[in-house]
Each structure stands twice: as C-alpha cells, then as structure tokens.
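For reference, the chains in residue letters:
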Amino acid sequence: MKNKNYKNQSFEENIKSLEEIVEELESGNIDLEKSVELYERGVELKNLCEEKLKRVETQIKKIKIENKKFLKENF
C-alpha cells in the first residue's frame, strides 16, 4: 500500500483505506517495520475520519437550530 494524501480523500475513501490497513495488519504477513508504518497511517486515517464526523455533526446541529428558529417564527 503506497502512502497517500488522505486529507484529499472523501470520508468513504478514508474508511475503505482504514479497512484495508486493518486487514493487512490482521493478516500477519508483514514485518514489524511495515506494521508500525501501517499503524501510523491507520491512526492518521482514524483522526481524519473523526474530524470529518465532528464537522458534519456541527453542521447538522446548526441546521436543526436554524430550523427550530424558522419554525418558531412561522407560528
């Protein structure tokens, strides 16, 4: 697996990359150095995915708040 710029990938692409890393680590067919490298990439992907989820959650909360204000104004 080559090193990628995960920040430019979509959430779904990052999840797929993370799943591939987990599968490779679980296979047991890689040496220690490669395992550490994959683990570091996995941590990077996990953090990126968490950040994206938090941004989406914030956007949804904002939409809900705006929607409640809009509904109140209509009454």
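Scroll up for the structure.
The structure contained in this document is the topic of the report that follows. Throughout this document, residue positions are counted from 1 along each chain, in the order its sequence is written. Residues qualify for local features only when their pLDDT is at least 70, as the model is predicted, and side-chain atom pairs are given and counted only at 80 or more; totals for whole chains, interfaces and linings, by contrast, use all residues. Based on all heavy atoms of the structure, the side-chain values leave hydrogens and waters out of the count.

1. Points about the nonpolar core
Grouped burial of nonpolar side chains is what soluble globular proteins tend to show.
Part 1 of the reasoning: In this structure, Tyr6, Leu18, Ile21, Leu38, Leu45 and Leu48 together form the largest nonpolar core, which totals 6 residues.
Part 2 of the reasoning: Those elements giving two or more residues to this core turn out to be helix H1 (11-27) and helix H2 (32-74).
Part 3 of the reasoning: Strands are runs of DSSP state E lasting at least 2 residues, helices are runs of H or I lasting at least 4, and numbering of each runs from the N terminus. No other element matches the 3 residues that H2 contributes to this core.
Part 4 of the reasoning: Those residues in contact with Leu48 that lie beyond four places of it in its chain are Tyr6, Lys7 and Asn14. In plain words, nonpolar cores are sets of buried Ala, Val, Leu, Ile, Met, Phe, Trp, Tyr and Cys residues tied together by side-chain atoms within 4.5 Å. Each residue is assigned to one of three classes by its accessible area relative to the maximum for its type, calculated with a 1.4 Å probe on protein chains only: buried under 20%, partly exposed between the two thresholds, exposed over 50%. Here, residues are in contact when the closest pair of their heavy atoms is within 4.5 Å.

2. Here's the deal with the pattern of salt bridges
Part 1 of the reasoning: Any carboxyl oxygen of Asp or Glu within 4 Å of a side-chain nitrogen of Lys or Arg constitutes a salt bridge here. All told, the structure shown has 5 salt bridges when counted by the stated rule.
Part 2 of the reasoning: Between Glu37 and Arg41 there is a salt bridge, and its shortest N-O distance comes to 2.0 Å. Here the residue Glu37 and the residue Arg41 both occupy positions in helix H2, the gap between them amounting to 4 residues, near one helical turn.
Part 3 of the reasoning: Judged by its relative accessible area of 33%, Glu37 is partly exposed.
Part 4 of the reasoning: A salt bridge links Glu57 to Lys61; the nearest nitrogen and oxygen atoms lie 3.7 Å apart. Linking Glu57 with Lys61, this pair stays in helix H2, spanning 4 residues, or about one helical turn.
Part 5 of the reasoning: The class for Glu57 is partly exposed, based on a relative accessible area of 43%.

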